[in-house]
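Remarks on the overall topology
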Amino acid sequence: MKIPILMYHSISNSKNPLSVPINSFEKQMKFMHNNGYTTINLNKLSDVKKGKFFVITFDDGYEDVFINALPILKKYNFTATCFFVSKYIGKYNIWDESRADFERLNLMNKDQISVWIKNDMNIGSHTSDHKNLSYLTYDDKVSQIVEPKKFFKDFFDITINVFSYPFGSFDDETYEIVKQNYQFAVSTKRSRYSANKFDNLKLPRVPINKYESFFKFYIKIKTIYEDIKF
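Rules of the game
Residues numbered from 1 in each chain as written. Predicted model: local features only at pLDDT ≥ 70, side-chain atom pairs only at ≥ 80, totals over all residues. Heavy atoms only, no water. Helix = DSSP H or I, 4+ residues; strand = E, 2+ residues; numbered from the N terminus. Rg over C-alpha atoms; globule rule 2.2 N^0.38 Å. Buried < 20%, exposed > 50% of the residue type's maximum accessible area, 1.4 Å probe, protein only. Contact = heavy atoms within 4.5 Å. Areas by Shrake-Rupley, 256 points an atom, 1.4 Å probe, with all protein chains shown as cover. Lys, Arg positive; Asp, Glu negative; His and termini not counted. Charge placed at Lys NZ, Arg CZ, Asp CG, Glu CD. Salt bridge = Lys/Arg side-chain N within 4 Å of Asp/Glu carboxyl O. Axes fitted to C-alpha atoms, helices over the stretch in contact; angles between N-to-C directions. Parallel < 35°, antiparallel > 145°, perpendicular 65-115°, else oblique. Left-handed = near helix turned anticlockwise from the far one by under 90°. Nonpolar A, V, L, I, M, F, W, Y, C, P; charged D, E, K, R; others polar. Pairing = 2+ DSSP bridges. Right-handed = clockwise from strand over helix to strand, strands pointing away.

1. A word on the overall build of the protein chain
Tallying secondary structure elements over the protein chain gives six helices and 12 strands in all. What you see for the protein chain is a C-alpha radius of gyration of 17 Å, in line with the 17 Å of a compact globule of 230 residues. Residues counted as buried form 53% of the 230 residues belonging to the protein chain. When contacts within the protein chain are restricted to residue pairs at least 6 apart in sequence, those whose partners lie at least 24 apart make up 65%. Working note: accessible area of the protein chain is about 10700 Å², and carbon and sulfur atoms make up 49% of it. Charge separation in the protein chain, taken as the distance between the mean sites of 33 positive and 26 negative side-chain charges, equals 8 Å.

What follows is the structure in structure tokens.
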């Protein structure tokens, strides 16, 4: 059984290259609903035996996910996981400022995250500062990976066990630290998930992009298009 783990960032009509238009996201979710798909959490992947399932993930924790995506998710009774950069909650995507196509996007604040949680949505870590972990010292890696767990426990009284590697980048040392602190981690490697094929700390995803046609979305979900890219 193939289970797409969809990777989104921003859901808005902004010019940001990471932003999927609201109308496109609505069409994609409607398609999944009308075709009998149900969302599951990452920690349920290995339990699925039959059926049509998929996972929705959002990296970075943009405010527009709360404003634009959450109502659509609720409309179709879907759940999703949002990976937050803990030190930038309520701020903006400062890590993208060096990009030539940079556009400022606000990040969810604590009140919005509380509402996200109350709507049965899930929380994951995207480190403290959104730094490329492969370039850091061991101690800095530990700090970036472990501190968000404490933050979410202190402020929201939840224990997070899922992680997303910033820029999809990790080395063996990073992997081992993540393994000691989380049960599941998503990468940017491309494929649909298959049971017993992938490491739970190196899970592949299906990227959904700004200029994706609906036909492209269809073949990513229903065919081997993404699987052969792993």
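Still more to cover.
2. Some thoughts on the pattern of salt bridges
Pairing of side chains with opposite charge becomes possible as their charged atoms draw close. In total, this model carries 14 salt bridges according to the counting rule given. Between Arg190 and Glu226 there is a salt bridge, and its shortest N-O distance comes to 2.9 Å. Highlighted residues: Arg190 in strand 10 (residues 184-190) and Glu226 in the segment after helix 6 (214-222), separated in sequence by 36 residues. Under the relative-accessibility criterion, Glu226 is labelled buried at 0%. The salt bridge involving Glu212 is made with Lys216; its shortest N-O contact spans 4.0 Å. Each member of the salt-bridge network shares a partner with another, and the members are Arg190, Glu212, Lys216, Lys220 and Glu226.

3. Observations regarding the packing of helix 1 (residues 22-34) against helix 6
At their nearest, the axes of helix 1 and helix 6 sit 11 Å apart, and the two run at 40° to each other. As judged from the angle between their axes, helix 1 and helix 6 are oblique. Where helix 1 crosses over helix 6, the handedness of that crossing is right-handed. Taking contact as the criterion, the partners of Lys27, Gln28, Phe31 and Met32 in helix 1 are, on helix 6, Phe214, Phe217, Tyr218, Ile221 and Lys222.

4. Remarks on the packing of helix 4 (residues 138-156) against helix 5 (residues 172-181)
Following both chains from N to C, one finds helix 4 and helix 5 inclined at 30°, their axes separated by 10 Å at the closest point. In terms of orientation, helix 4 lies roughly parallel with respect to helix 5. For the pair helix 4 and helix 5, the crossing hand works out as right-handed. In this structure, helix 4 contributes Tyr138, Lys141, Val142, Ile145, Val146 and Lys149 to the contact, and helix 5 contributes Glu173, Thr174, Ile177, Val178 and Asn181. Of the residues in the contact of helix 4 with helix 5, the class split is six nonpolar, two polar and three charged.

5. Remarks on the pairing of strand 6 (residues 53-60)
With eight of eight residues buried, strand 6 lies mostly within the body of the structure. Summarising the sheet, strand 2 (residues 5-8) and strand 6 pair through four bridges and their orientation is parallel. Note that in strand 6 the partner of Met7 across the bridge is Thr57. As paired strands, strand 5 (residues 38-39) and strand 6 are joined by two bridges and run parallel to one another. In the sheet register, Thr38 faces strand 6, and the bridge partner there is Phe53. In the sheet, strand 6 pairs with strand 7 (residues 81-84) via four bridges, with the strands oriented parallel. Each residue of the ladder has a partner; that of Asp59, found in strand 7, is Phe83. You can see the chain leave strand 6, run along helix 2 (residues 63-75) and come back into strand 7, and the turn it takes is right-handed.

Nothing here speaks to function; it is all geometry.
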